[in-house]
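Inside the fold
Residue strings, one per chain:
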Amino acid sequence: MGIDLGTSNACVAIVENGQPTVVANEWGEFNHASVVSFLDDGTVLVGNDAKRQMIINHENTIYSVKRLIGRFYFAEEVKKALALMPYHIVEGPNNSVRIAVRDQVYSVPEISAMVLKEMKAIVEAHVGHAVRKAVVTVPAFFNDNQRQATKDAGRIAGLEVLRILNEPTAAALAYGFGQNMAQKVAVYDLGGGTFDVSILEIGTDVFEVISTAGDTYLGGDDFDDRIVQWLCNQFGQQFKVDLRQDKYSLAKIKEAAEKAKNTLSESDVAHIHVPLVYTDAEGFSYDLDADLPRNQFNQMVLDLVQRTFKVCDEALQSARLTAADIDGVILVGGPTRLPVIRNSVRHYFQREPNAEVDPDIVVGLGASIQAHALLSEGTQTFLLDVTPQTLRLGTVGGYSEAIIDKNTPIPIDRTRTFTTARDNQEKVQIKIFQGEGRRTDECTLLGQFEFSGLRKAPRGQVKIEVTFEIDTDGIVNVSARDIDTGQEASTTISLSSGLSEQDIKNAAARHENIQVVDRAPEAAADVSARETAMLPAQDDETAVNRPPR
Amino acid sequence: MDYTDPSYHPQLKQLAATIDQLDYYEILNLQQDASTAQLKESYFSQSRALHPDRFYHLPDEELKTAIHKIYKRITEAYVILKDPQKRAKYTADVNGPQRQEKLRFNEAAEEEAKKEQEEAREVCKTPKGRKLWRTVEQDLRDEKWDAAYRNLQSISLWEPGNPTIAELKATVDKKRKGLTK
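Residues numbered from 1 in each chain as written. Chains lettered and ligands numbered in written order. Predicted model: local features only at pLDDT ≥ 70, side-chain atom pairs only at ≥ 80, totals over all residues. Heavy atoms only, no water.

**Quick word on the packing of aromatic side chains**
All names here are of chain A. Threshold: Working definition: a ring pair exists when centres of Phe, Tyr or Trp rings (six-membered ring for Trp) sit within 6.5 Å. Plane angles under 30 degrees give stacked, over 60 give edge-to-face, the rest tilted. Relative accessibility decides the category of a residue: with a 1.4 Å probe and only protein chains considered, values under 20% of the type maximum give buried, values over 50% give exposed, and everything between is partly exposed. Only runs of H or I of at least four residues qualify as helices and only runs of E of at least two qualify as strands under DSSP, and these elements are numbered from the N terminus. Placement of a charge over a ring requires the Lys NZ or Arg CZ to be within 6 Å of the ring centre, with the centre-to-atom vector within 35 degrees of the ring normal.
Here the structure, examined in full by the defined rule, presents 18 aromatic pairs over all chains. Consider the rings of Tyr 188 and Phe 195, whose centres lie 4.9 Å apart with planes at 65 degrees: the pair is edge-to-face. The buried category is assigned to Tyr 188, whose relative accessible area is 1%. Assessed through its relative accessible area of 0%, Phe 195 is described here as buried. Ring geometry for Phe 239 and Tyr 286: centres 4.7 Å apart, planes at 55 degrees, overall tilted. With Phe 239 in helix α6 (residues 220-239) and Tyr 286 in strand β17 (residues 285-293), the pair connects residues that are 47 residues apart, well separated along the chain. For Tyr 286, a relative accessible area of 17% puts it in the buried group. Here the aromatic cluster, defined as three or more aromatic residues joined through ring pairs, consists of Tyr 188, Phe 195, Phe 309, Tyr 348 and Phe 349. When the ring centre of Tyr 217 is taken as origin, the NZ or CZ atom of Arg 67, which lies over that ring, is 3.9 Å away.

Following this line, the structure appears as structure tokens:
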């Protein structure tokens, strides 16, 4: 199966009779909110029903965790999330991010694992047997920490992750699947929380990524937030109350903002009405009413839209192409339905974006194609992807030097030689980073490695060859050996945002016991009655019962 | 050729073990004077045959490790050879006396290539000339034409055949005379 694990929505697809197909859950939904809600009675809801808990159960309903995955607690992005999210983000061991819900503390991959588990269950219900092997997609611009954490999430969910695949690449795979084309395409992928652009060359049997660029903290959520801030300001001016102080009000406004944004995809104006948004000390309740014209919304998000085109410039420049060289533009992600995005993309590339691709499911389809290709013999197409950010080695004084440049095809490795600086030195420590700045504080720390057990010798006599590898998942592996003796040094990662092997095992064991459902029992009865009433003839697909979980 | 066929597997494992003895041209099966288009075509055809994804479904882990090793070297060969400056340096290296140590384009080669490039960009080739050139640059910024002319004259003593210096000397001379008039 191929899983698109998005910031806001997840989607799962399989290849059936040679055709990639999105699998719907038993209620016929293709897209499932990447939301996990922990109820009073210990039930864990995942998906669209969990999303409905965002207001009434806002402290225990976790969403947009993809914005936190693989980040250190001290990261800027985490600070932004702390201010915005109604759930409790706490600091865990090794500067990691944890989420506290009721009396439990979860790591970020554990929350993602719950969503993945739900996708697994949807496929299993459809095919009628256990399915373990999956390709999981990530934004192309994700760094090593974020990829590793996503892979960990897969393992916690009991999946065998065949490949971590870049979302724009997956989209291009689905676009070019069985088409026999020769085109240069640009994939403009604006998701719930991340933005990516990839430039690919598609040939008869090859999908070659030429360059990729992105911003892992720019997406539909930020568009919603602009509306939220505007609504709060309006309300504040009118009633002298700051709604941002009240997480319950904020959750309600956020929901209304998202709805308004979606309305503006079709209408020129969105009427926003949030009843009983605020109750004052005397028990008097206020409603929030506002009209948001499309033009005003476009103005509000103009800088965000412009930011996406800076990223496009960067990708084209790295590919040594101009917008005019591009033969096709593929739009991916829900926010690309917004007219302001469509128009700007048309203007930038001077061509109509491809209309046949469904921006909500194309990544899932591509992931399933890749999963199928990896597991079958005689696959004729091949995929050449690149690393999105420069891999760097920390040197003295807060500087770094590049080891593997961005947009280098993968898999690849490079070696560096180090010599001991002291007599009888037993350890060598290195720090590695990803990013484009020469200064390490402009880059993301991936980890600190320690190579120990070096042979005892006067300084300068022991030469250590360190190999930096970027594998087909875009994940960095580091190993070291003594050049003269050929002996491998033992490697320990002394600082990393990730989970240890033991953490993953513990989490996986804990998850065996958590009952994850996508409908609360009473709601389920309700909805299925309604669905049956609405759909006179149900096909076999939706009639299959889920295996017991 | 379908290398996933078991009859090729011993050969592939052998290749992985000995790949350190091949240069990038040999890895990509190319002549040293191959064009950029040929380079890309060869990278594609090697990828078509040897990309690890094609071997993913096979159970033999040893083979997959071997393929991974071979393919990483194919990518490396392509990355270095598609960069004209690196390619020039690399080609000179593997045809030189230190061929055995230069089969992989490592950090030392990169440093050397960078240095050579910088030297090629520099106006003056001799140590004395370079030192005087820095003074000239300052003189030109300060519009001290007489001083600049004197220093350029000194440089041309050290580097008589330097065309840039001769040309600049003529220009500065005009400026100098223009001002005194």
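**Thoughts on the interface of chain B and chain A**
Worth spelling out the cut-off: By definition, residues are in contact when any of their heavy atoms lie within 4.5 Å. Simply put, the buried area is the total loss of 1.4 Å probe accessible area from both parts when two parts are fitted together. Definition used for salt bridges: Asp or Glu carboxyl oxygen within 4 Å of a side-chain nitrogen of Lys or Arg.
Taken together, the contact between chain B and chain A spans 23 residues of the former and 30 residues of the latter. The contact between chain B and chain A buries some 2400 Å² in all, and 50% of this surface belongs to carbon and sulfur atoms. Interface area lost by chain B to chain A is led by B:Tyr56, B:Lys72 and B:Glu107, which between them contribute 25%. Remark: the boundary between chain B and chain A carries eight salt bridges.

**Digging into the sheet that holds strand β18 (residues 328-332) of chain A**
Rules: DSSP calls a pair of strands paired once it identifies at least 2 bridges connecting them. Only the contacting stretch of a helix is used when fitting its axis, a line to C-alpha atoms as for every element, and angles between N-to-C directions run 0 to 180 degrees.
The five strands lie next to each other as β18-β13-β14-β15-β19 (chain A), forming an open sheet whose pairing is mixed. The strands lining the two open edges of the sheet, one partner per strand, are β18 and β19 (382-384) of chain A. Averaged over all pairs of adjacent strands, the angle between strand axes in this sheet comes to 25 degrees, irrespective of strand direction. Pairing between strand β14 (residues 195-202) of chain A and strand β15 (residues 206-215) of chain A: eight bridges, direction antiparallel. Paired with A:Asp196 across the strands is A:Gly214, a residue of β15(A). The sheet contacts of helix α3 (residues 36-50) of chain B involve β14, β15 and β19 of chain A, and relative to β19(A) the element is tilted by about 125 degrees.

**With respect to the domain arrangement of chain B**
Applicable threshold: What counts as a domain boundary in this text is fixed by an automatic or database domain assignment.
Each assigned domain of chain B is listed with its residue range as follows: domain 1 (6-119) and domain 2 (122-176). The C-alpha-based centres of domain 1 of chain B and domain 2 of chain B are spaced at 45 Å.

**Considering helix α5 (residues 61-81) of chain B**
Residues and elements named next belong to chain B. Just so we agree on the cut-off: What a helix is expected to span follows from its residue count: subtract one and scale by 1.5 Å. N or O atoms within 3.5 Å of each other form a polar contact, as long as, within protein, one can give a hydrogen and the other can take it, and as long as residues adjacent in sequence are counted only when both atoms are side-chain atoms.
In this model α5 runs 30 Å from its N-terminal to its C-terminal C-alpha over 21 residues, within 8% of the 30 Å that 1.5 Å per residue would give. Counting buried positions along α5 yields 16 of 21 residues, so the element is predominantly enclosed. At the N-terminal end of α5, a side-chain oxygen is found 3.1 Å from the backbone nitrogen of Glu 62, two or three residues along, and the residue is Asp 60.

**Quick notes on the nonpolar core**
In a soluble, globular protein the nonpolar side chains are often hidden away together inside. All names here are of chain A. Inclusion rule: What is meant by a nonpolar core is a set of buried Ala, Val, Leu, Ile, Met, Phe, Trp, Tyr and Cys residues, joined one to another through side-chain atoms within 4.5 Å.
Grouped together as the largest cluster of nonpolar side chains are 59 residues, with contacts concentrated most on Met 1, Phe 38, Leu 68, Tyr 87, Ile 99 and Met 114. In terms of residue count, helix α3 (residues 108-127) provides more of this core than any other element does, nine residues in total. Judged by nonpolar contacts, the second largest core, of 53 residues, contains Ala 186, Leu 218, Val 305 and Val 329.

**Let's talk about the sheet that holds strand β5 (residues 36-38) of chain A**
Residue and element names in this part refer to chain A. Taken together, the four strands give an open sheet; going across it, the order is β7-β5-β6-β28, and neighbouring strands pair in mixed fashion. Because the sheet does not close on itself, it has two edges, and the strands there are β7 (61-62) and β28 (516-517). Two strands pair when backbone bridges link them, and β5 and β7 are joined in this way by two bridges, in the antiparallel orientation. Looking at the pairing, Val 36 lines up with Ile 62 of β7. In the packing of α3 onto the sheet, the strands contacted are β5, β6 (44-46), β7 and β28, and the crossing angle to β5 comes to about 110 degrees.

**Quick look at the domain arrangement of chain A**
For chain A, the assigned domains are domain 1 (2-219 + 305-385 + 504-517), domain 2 (220-300), domain 3 (388-487) and domain 4 (519-549). Of note, the centres of domain 1 of chain A and domain 4 of chain A, computed from C-alpha atoms alone, are 27 Å apart.

**Things to note about the packing of helix α4 (residues 144-156) of chain A against helix α12 (residues 501-512) of chain A**
When two helices pack together, their arrangement is given by the angle between the helix axes and the distance between those axes. Residue and element names in this part refer to chain A. To keep things clear, this is the line we draw: Roughly parallel means an angle under 35 degrees; roughly antiparallel means over 145; roughly perpendicular covers 65 to 115; every other angle is labelled oblique. Crossings are sorted by hand: turned counterclockwise from the far helix by less than a right angle, the near helix makes the crossing left-handed, and turned clockwise it makes it right-handed. Any residue outside Ala, Val, Leu, Ile, Met, Phe, Trp, Tyr, Cys, Pro, Asp, Glu, Lys and Arg is labelled polar, Gly included; the first ten of those are nonpolar and the last four are charged.
Relative to each other, α4 and α12 sit at 40 degrees, their axes nearing to 8 Å. Here α4 lies oblique to α12, going by the angle between them. Crossing of α4 against α12: the hand is right-handed. For the pair α4 and α12, contact is made by Asp 152, Arg 155 and Ile 156 and by Glu 501, Ile 504, Ala 507, Ala 508 and His 511, respectively. Within the contact of α4 with α12, the residues separate by chemical class into four nonpolar, one polar and three charged.

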